[in-house]
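Listed below are the residues making up each chain.
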Amino acid sequence: MQDTHPPELHEPAAPVAWLRRWWRRQTPGRQDRYAMLAPLAAVLLFLAAIVSAFWYLRLEEMDREQEAVRRDVEYAQQRLRLRLLERQEQLMRIARDVSNKDVDAEEFAGRAEALVTQYPELQALTWIDDHRRLKASYAGPSLPVQQQRVAGDVLRAGETESTFTLVRDLQQPVYSQPTGGTEPVPLLQLHVPLAEQARFAGVVLAEYSIDSLLRYGVPAEVTARYAVSLVDAKGRLLAGQTLPPRGSATRLLSWASPQANEYEVPVSPVGNGLVLRAQAYRTSLGVVGSGLFWLVGTLSAMTAWMLIGNWRHTRRRIKAQQALVVETNFRRAMENSMLTGMRALDMHGRITYVNPAFCQMTGWNESELVGRTAPFPYWPEADFEQLTARLDDEVSGRTGPGGFQVRVKRKDGSLFDARMYVSPLVDPKGHQSGWMTSMTDITEPNRIREQLQASHERFTTVLEALDASVSVAPLGSEELLFANKLYRQWFGQNTGGHLQMVAQGGVADLPRTHDETLDDVDSFVGLPTGQLTAAHSENAEIFVPELGKWLEVRSRYLNWVDGRLAQLVIATDITSRRHAEEQASAQAERAQSASRLITMGEMASSVAHELNQPLTAINNYCNGLVSRIRGGQIQQEDLLLALDKTARQAQRAGQIIQRIRSFVRRSEPNRTPSEVATMVAEAVELAEIELRRRNVRLSHYVAARLPLVLVDPILIEQVLVNLLKNAAESIDQARRPASQRSVELRAVPRQVGEQPVVEFSVVDTGAGLAPEVMDRLYEAFFSTKAEGMGIGLNLCRSIVESHQGRMQAENIYNGTDVAGCRFSFWIPVSGATNSAANKDAGVPA
């Protein structure tokens, strides 16, 4: 058997040459094994080094972990101490208030409940007097029933007996733990003494839950890193968790401690009776995270790579072969899945390759196409000449990058449109061997394009035939994007008319800039285009002097086809409508004036009777004065008194005439902020003439502090006079007795929906309105009076609705009998309030 171990070296000066000779004497199999042993020995040496380094680093890590545990436990103990001292201070304040008799038992229970609710570690608070009797107590819901104390009971013998005596002797707060047999009770008690005139008066007993004290007193970052627990002086667990001792296997390691890395410290101010203990979890990465570990790992990986180098070299050829097969299959699958037809031609125009998509498009299979020359079977007969010229250009390389469109015939004879793109086909040596052509079916895009073109033509025809001007211009530019025929007739091809309508219509346009020195940046960056395009259109009526027309302008924002924000303006000629509205307004004004004249004509006899009284009094006073002056029987004082009475009667007659003149005088509509009380007073004075003639009592009520209303006061007075006159006539026609002949006028504030209004109502005691009359009440030229014209109520409703108000009528019932009628209307006050504010501020309404 050949010796596999090297003999002793007889030539120390030439060890390398000896090793070479020894290596050549080994068989190839042994050479391979020795080649594997060399890196294995290196790996073993590195393992020995890493074990030594791990032992050293582990000792250092244990010291650092012990220091970290000590520091964190001290920090947690300080937090517990501060929390206990804070609760102790609060309890001492309660004890002081109890000692000073500022707190009775009920208040003590309330304050105890607040403390227990606010601080979860507190379980119960009890007030015990010097005879060990419980005066008041409150326990949290988490405290067991058997541990709760009831006010009025006496502290049981042995229960906190020694602690109670100790507190009485020391007169200082004392912490203790209740005794519960062999098992520790997880409660901590604090006895705070009560002193009344330097005499011991009992204690305030606070009981803490040690588990809650641990949960809320120890910081979360400490409990996350350690197993934290509270134990008593005998080491018994009160709250928290502890780690089990490590297994016996770890005791064999000199650097491994049989117990977890832990530290404990008494909790102040409780003392040694309560100890905080923390045991560290094993969270360190140890040497795995050190640089030495990774260095050794890298070197070991390099060694492993050297060992499998030959194996990789052997498999490299097989992998390359497999990759080639995979790549070929991938390219074939990609070509087969494409919807674009592919065709290859050689330099002579012969088909050398077609993919399945090309065959599917034309209906010819690969065997029928490969090897064919022009004319190809998918060429339409009518296009042979054109397609032959295209093929010559294709083979000569004269096709453009945009491709060309042709018609292709399927095997069944049907035709479709296609677009072809040509690119050179290069072999592995870099020489061109032919041309590759891709073909796409564009029949559907062409059909859609034709439909869009037809739709565009129809849409343009409709816009051109509109009787409204339509224009679109981008914001920030004077370019006119679109204008229909009517716009071009009115304003031409420029944007002047568009901008003029926008400006007159009050639609805000954005500033334009033409400074070419600015950067080419969109000036509308940040503009909320989504909100603008979704907004409602804005309407305005303007007059264009150049056209002599009134136009209704509607505008809105939209996104143009190129993405720019544009403004659409639609203008409609409303000149004829405006003229009709002006004529209707003039007719309404004349009707209102005529109605007032008719009303005064109907009241002529009453007015004459009203004027006859002061005129008769003036005549009597004058005749009496003449008689007495002729007889010389009048004194100066009597003369002055008679003349003063005559002047007052003349003034009264003048006021009646002036009021009638103001009522019937024709004037332009003038809506101003008006006082309701003034309008009611004027209407009452005019209507009282007619009501007195008909022996009808009139009463009116105006609510205090009514707001101003924006109205034409003459028109509102006309409505009130008409309603009051109709009420008096209804009472007269019903022949009511004198005690039932009354009309009431009221003006009060109301709320209609969310809008404040002033409501006017006229209530009479007449015969009411028949159902057939109620249906036609506001119909023009309909009247129940033999001499009536039927325009009074119709005109009244028109006046009220022109002031944005509403009018209504209803019968008043007494049981089943009609006892009268009520006419009412309301006027909104919002417009008047705004106008009054503008007037005060100097702004025209």
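A quick note: this is a predicted structure, and the numbers were derived from the prediction, not measured. (Residues numbered from 1 in each chain as written. Predicted model: local features only at pLDDT ≥ 70, side-chain atom pairs only at ≥ 80, totals over all residues. Heavy atoms only, no water.)

1. Some points on the overall build of the protein
If you tally the helices and strands in the protein, you get 23 helices and 26 strands. A burial count over the protein gives 35% of its 845 residues as buried. Considering only contacts within the protein whose residues lie at least 6 apart along the sequence, 58% involve residues at least 24 apart. (Helix = DSSP H or I, 4+ residues; strand = E, 2+ residues; numbered from the N terminus. Buried < 20%, exposed > 50% of the residue type's maximum accessible area, 1.4 Å probe, protein only. Contact = heavy atoms within 4.5 Å.)

2. Considerations on unusual backbone geometry
In this structure, the amide linkage connecting Ser-268 to the following residue, Pro-269, adopts the cis form with an omega of 10°. Here Pro-269 shows up in the loop between strand S8 (262-267) and strand S9 (271-280). In this model, Ala-374 is joined to Pro-375 through a cis peptide bond whose omega is 0°. Relative to the helices and strands, Pro-375 resides in the loop between helix H10 (366-369) and helix H11 (384-396). Phi angles above zero are rare outside glycine, and Lys-101 is one such case at about 60°. Inspection of the secondary structure assignment puts Lys-101 in the loop between helix H2 (28-99) and helix H3 (105-118). The backbone of Arg-132 shows a phi angle near 65°, a positive value even though the residue is not glycine. Relative to the elements of secondary structure, Arg-132 occurs in the loop between strand S1 (122-129) and strand S2 (134-139).

3. Regarding a nonpolar patch on the surface
Taken together, the side chains of Trp-55, Tyr-56, Leu-57 and Leu-59 define a hydrophobic patch exposed on the protein surface, amounting to about 370 Å² of accessible area. Here Leu-59 shows up in helix H2. (Patch = residues over 30% accessible without salt bridge, like charges linked within 9 Å, V, L, I, M, F, W, Y side chains within 5 Å. Areas by Shrake-Rupley, 256 points an atom, 1.4 Å probe, with all protein chains shown as cover. Salt bridge = Lys/Arg side-chain N within 4 Å of Asp/Glu carboxyl O.)

4. A short note on the sheet that holds strand S25 (residues 806-814)
Taken together, five strands build an open sheet; the order of strands is S21-S23-S24-S26-S25 and the sheet is mixed. Where the open sheet ends on each side, the last strands, each with one partner, are strand S21 (697-702) and S25. Each strand of the sheet is rotated relative to its neighbour by a mean of 20°, with strand direction disregarded. In this structure, S21 lies alongside strand S23 (residues 742-752), joined through six bridges in parallel fashion. Its bridge partner being in S23, Ser-699 is matched across the sheet by Glu-744. (Pairing = 2+ DSSP bridges. Axes fitted to C-alpha atoms, helices over the stretch in contact; angles between N-to-C directions.)

5. Some remarks on the packing of helix H19 (residues 676-693) against helix H20 (residues 713-734)
Where H19 contacts H20, the axes come no closer than 9 Å and their chain directions differ by 35°. For the element pair H19 and H20, the recorded crossing hand is right-handed. Side by side, H19 and H20 meet where Met-679, Val-680, Glu-682, Ala-683, Leu-686, Ala-687, Glu-690 and Leu-691 of the first sit next to Pro-713, Ile-716, Glu-717, Leu-720, Val-721, Leu-724, Lys-725 and Ala-728 of the second. Here the contact of H19 with H20 is composed, by residue class, of twelve nonpolar, no polar and four charged. (Left-handed = near helix turned anticlockwise from the far one by under 90°. Nonpolar A, V, L, I, M, F, W, Y, C, P; charged D, E, K, R; others polar.)

6. A closer look at the side chain of Asp-129
Take Asp-129: it is sitting in strand S1. Comment: no salt bridge for buried Asp-129; closest opposite-charge side chain is Arg-133, at 4.9 Å. In contact with Asp-129, not counting residues within four places along its chain, are Lys-135, Phe-164, Ala-201 and Gly-202. (Lys, Arg positive; Asp, Glu negative; His and termini not counted.)

7. Concerning the confidence of the model for the protein
Here the protein averages 78 in pLDDT, and 74% of its residues register 70 or above. Model confidence for the protein, summarised as mean pLDDT per element, is weakest for helix H23 (residues 830-841) at 44 and strongest for strand S24 (residues 755-764) at 94. Here residues 1-13 scores under 50 on pLDDT; set against residues more than four positions off or in separate chains, the count is 13 contacts. (pLDDT = per-residue confidence, 0-100.)

8. A closer look at the sheet that holds S8
With antiparallel pairing, the four strands of this open sheet are ordered in space as S7-S6-S9-S8. In this open sheet, the two strands that pair with only one neighbour each are strand S7 (237-240) and S8. Between one strand axis and the next, the sheet turns by 25° as a mean value, whatever way the strands run. Sheet strands in contact with helix H5 (residues 210-217) are strand S6 (226-231), S7 and S9, and its direction is about 40° off that of S7.

9. What to know about the nonpolar core
In this structure, Val-743, Phe-760, Met-807, Phe-823 and Phe-825 are the most contacted members of the largest nonpolar core, which totals 47 residues. Of all the secondary structure elements, the ones that give two or more residues to this core are H19, strand S22 (709-711), H20, S23, S24, helix H22 (792-802), S25 and strand S26 (817-828). In terms of residue count, H20 provides more of this core than any other element does, ten residues in total. If sequence neighbours within four positions are ignored, Phe-825 has contacts with Ile-716, Val-719, Leu-720, Leu-723, Val-758, Glu-759, Phe-760, Val-800, Arg-806 and Met-807. One finds Leu-188, Ala-239, Leu-274 and Ala-278 within the second-largest nonpolar core, a separate group that totals 46 residues. (Core = buried A, V, L, I, M, F, W, Y, C linked by side-chain atoms within 4.5 Å.)

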